[in-house]
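The chain contents come next:
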Amino acid sequence: VQLEAFGGGLVQTGGSLRLSCTASRRTTSNYHMGWFRQAPGREREFVAAIRWPSGGRYYEDNVKGRFTISSDNTKLTVYLQMNDLKPEDTAVYYCAVDFAPILSSLRNAASYDYWGQGTLVTVSS
C-alpha cells in the first residue's frame, strides 16, 4: 500500500492550506486514516484521524476548531483543511492508514501500518 500526500507549502499566520492523501488500495473494509506531524526536534504527534466506515473524526486539542479532516472513501483519499494557521503548526505532515483499527489506538502512531512521504507546512509569523 502506498500513500501520497500533497498540499503543503508556505503560508502566513492566519492563512489556510488543504492537504490531501490518497492510498493506492485498501486491505480491509474497516480502517483509520490519520494525519500526524513532526516539527524539528520534536516527536511525531497526532493531528487528526477519521474512521471508516463510521466516519468518526478525532482531533488533537490544539487543532480543534481550526482543522477539519474529511475523506472520499471511493477514492481512498483523506483531506485535512487547515484554517487559522499558527507558527506552531509548522511541521512535516504525514498521512497514515491503519488497517487493523482499534479506537483506543487511533492517536498512536505505532498502530498505523502505512505512511506517506510527508509534506512540509511552514507558517510564517
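Everything discussed here concerns the structure shown above.
Since we're looking at a predicted model, the values are computed, not measured.

**Q** How would you explain the state of the cysteines if you had to name every residue and give the values?
**A** For the structure shown, the criterion picks out one disulfide. Put simply, C21 and C95 are joined by a disulfide, and their sulfur atoms are 1.9 Å apart. Taking the sign of the S-S torsion, about 60 degrees here, the bridge from C21 to C95 comes out right-handed. One end of the pair, C21, is in strand β3 (residues 17–23); the other, C95, is in strand β9 (residues 91–98), and 74 residues separate them in sequence. Here C21 and C95 have matching classes, each one buried.

**Q** Tell me about the packing of aromatic side chains, and please be specific about residues and values.
**A** By convention here, two paired aromatic rings are described through the distance between centres and the angle between planes. Inspection of every chain in the model, using the stated rule, returns seven aromatic pairs. Arranged with centres 5.1 Å apart and planes meeting at 55 degrees, the rings of F36 and W115 form a pair that is tilted. With F36 in strand β4 (residues 31–38) and W115 in strand β10 (residues 114–115), this pair connects stretches of sequence that are 79 residues apart. Exposure remark for F36: the relative accessible area of 1% places this residue in the buried category.

About the criteria used
Residues numbered from 1 in each chain as written. Predicted model: local features only at pLDDT ≥ 70, side-chain atom pairs only at ≥ 80, totals over all residues. Heavy atoms only, no water. Disulfide = S-S within 2.5 Å. Helix = DSSP H or I, 4+ residues; strand = E, 2+ residues; numbered from the N terminus. Buried < 20%, exposed > 50% of the residue type's maximum accessible area, 1.4 Å probe, protein only. Phe/Tyr/Trp six-rings, centres within 6.5 Å; stacked < 30°, edge-to-face > 60°.

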